[in-house]
Amino acid sequence: MPDNRVLIFDTTLRDGEQAPGCSMNLEEKVVLARQLAKMGVDVIEAGFPIASPGDFEAVRTISEEIKGPIICGLARTADTDIDRAWEALQVAERARIHTFIATSEIHMRDKLKMGPDRVLEEVDRAVRRAHSYCEDVEFSAEDATRSDWEYLVKVYNAAVKAGASTLNVPDTVGYTTPAEYAELIRFLVEKVEGSEKVRFAVHCHDDLGLSVANSLAAIRAGARQVECTVNGIGERAGNTAMEEVVMALRTRGEFFGGCDTGINAKEIYHSSRLLSQVIGINVPPNKAIVGDNAFAHEAGIHQHGMLSNRLTYEIMTPESVGRGSTELVLGKHSGRHALAERLRTLGFDPEKVDFDEVFRRFKDLADAKKTVYNEDIEALVTDQLLRVVEYYKLENLSVTTGTFVTPTATVELAVDGESLKQAAMGDGPVDAVFKAIKTITDTQARLLRYQVNAITSGMDAQGEVAVTLEADGMRVIGQGADLDILVASAKAYVHALNKLIQRRQAGDRAALRGV
Ligand code: MN
């Protein structure tokens, strides 16, 4: 591999998933992993196998099903952690065990209750054990940026001697700055014995809004793996946003000594949208690369410049990250072949979906809406891919509302095959719909968040609703899309209830936190 190749280590499914409101079920993780592989990430950190049965299952299933990227599982230094990680990973085409322990004084003293010598022993034992299973071992010194630099050299020396081939230097708490971090990486590259045979990795958090800047500074200093997530999701303020690092290197390659990643940037926007749909959290409109306004030029003087020469105000094109997809793509006269072709360009495999159903729903949508955009089709397919077992199914809905009536909803649900109907009044039409569903299902779940978005622009846009419910300490997000916002709301609520049932049956919640 050339010296200027930077590996992308995606931790959307591990660190990203640890963030509040970002938890995903097995099917969702597999759908995302497939997209990450398609986008060309080098490593997928699929989870923390010992954290919960659900995490274990996710790592095992992704190891089995996803080919191409290295599949990685996280483990503390305990033997049981490492054994469990390997148990989940061993079926992977290419597996990596990622083990970590904290090295800062405050973490060693107040969390681990171990002295520095004991931590060194842990590093040696854990990396050796991991290496006995698997050639590819990554070691992370948690909270490295608040650790003593000379001590870090000892820690990484021990890791290299024991067989680690990737040394990660995490800014676990988002504390460092670009200049300081670059200096630390240069120091370690110079001082760690055998550093020419290993790859230095960086893992940053955005507590001070510096994670991307820190990661880029580290690349200039010699780091050749960036740990990041789609849309920058992750603990607290999030992790390094993958799309920003990838496009910074691509746009300013020369400044970064020709460094580049293996990412197919045209998959960036699709990946961002897919993740937003899965977790029900949209990126802010001003988010770099993937936000709604990231390529919008509103000011007159800018528009004038753009018309004479796009490069006056555009450092990269929306097409280069797979945007430019708002053009009219298909209408009611488009056939099966055209739709299958479009699915392929959008990154979906028509063989892997229930194509008859997608086609039927596309025709219904085209009849109602005339212009069907790529985003509409994406929503249709994603909806199908992420479907859970439908214990409850929305059959019919009728709502009366306005300025002069009490909003009233009548809802009919199929519950385990049986049709149940209920009417309810509410403060507003959505409230009435939800009350009717609550009565039928007798659910105790608490509504935490209700969010509506338009999938495309224009008066005939489909509405996309995300509903967050909480019950028994579990949180789920349900989604629904429809031309009618009340139907979309009902679908989202029912989807969330079905996910709660599924989660209750799976019965798990990860309690452990990683690097
Ligand atoms: Mn982290």
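In what follows, the structure referred to is the one given above.
Calculation rules
- Residues numbered from 1 in each chain as written.
- Predicted model: local features only at pLDDT ≥ 70, side-chain atom pairs only at ≥ 80, totals over all residues.
- Heavy atoms only, no water.
- Helix = DSSP H or I, 4+ residues; strand = E, 2+ residues; numbered from the N terminus.
- Rg over C-alpha atoms; globule rule 2.2 N^0.38 Å.
- Buried < 20%, exposed > 50% of the residue type's maximum accessible area, 1.4 Å probe, protein only.
- Contact = heavy atoms within 4.5 Å.
- Areas by Shrake-Rupley, 256 points an atom, 1.4 Å probe, with all protein chains shown as cover.
- Axes fitted to C-alpha atoms, helices over the stretch in contact; angles between N-to-C directions.
- Left-handed = near helix turned anticlockwise from the far one by under 90°.
- Nonpolar A, V, L, I, M, F, W, Y, C, P; charged D, E, K, R; others polar.
- Phe/Tyr/Trp six-rings, centres within 6.5 Å; stacked < 30°, edge-to-face > 60°.
- Lys NZ or Arg CZ within 6 Å of the ring centre and 35° of its normal.

J.: Describe the overall build of the chain, and please don't skip the residues or the numbers.
T.: In terms of helices and strands, the chain carries 16 helices and 14 strands. By the compact-globule yardstick of 24 Å for 515 residues, the chain fits well, its C-alpha radius of gyration being 24 Å. Principal-axis analysis of the C-alpha atoms places the extent of the chain at approximately 75 × 60 × 40 Å. Counting only residues that meet the buried cut, the chain has 57% of its 515 residues in that class. Of the contacts formed within the chain by residues at least 6 apart in sequence, a portion of 67% connects residues at least 24 apart. Surface accessibility of the chain: about 21,900 Å² in total, with carbon and sulfur atoms responsible for 51%.

J.: Which residues make up the packing of helix H7 (residues 178–191) against helix H8 (residues 211–220), and what are the values?
T.: Running from amino to carboxyl end, H7 crosses H8 at an angle of 35°, the nearest separation of the two axes being 8 Å. The way H7 lies across H8 gives a crossing that is right-handed. Across the interface between the two elements, Pro-178, Tyr-181, Ala-182, Ile-185 and Arg-186 from H7 touch Ala-213, Asn-214, Ala-217, Ala-218 and Arg-220 from H8. For the contact of H7 with H8, the residue count by class is seven nonpolar, one polar and two charged.

J.: Got a sec to walk through the packing of aromatic side chains? Specific residues and values, please.
T.: Any pair of aromatic rings gets described here by the distance separating the centres and the angle formed by the planes. With the rule as written, the count across this model stands at 10 aromatic pairs. Between Trp-86 and Tyr-133, the ring centres sit 5.9 Å apart and the planes meet at 10°, which makes this aromatic pair stacked. On the criterion of sequence distance, the pair formed by Trp-86 in helix H3 (residues 79–89) and Tyr-133 in helix H5 (residues 116–133) is long-range, its members being 47 residues apart. In textbook terms, an aromatic cluster arises when at least three aromatic residues are bridged by ring pairs, as seen for Phe-355, Phe-359 and Phe-362. Above the plane of the ring of Phe-56 lies Arg-84, whose end atom (NZ or CZ) is 3.7 Å from the centre. The ring of Phe-359 has Arg-336 lying over it, and the distance from NZ or CZ to the ring centre is 5.4 Å.

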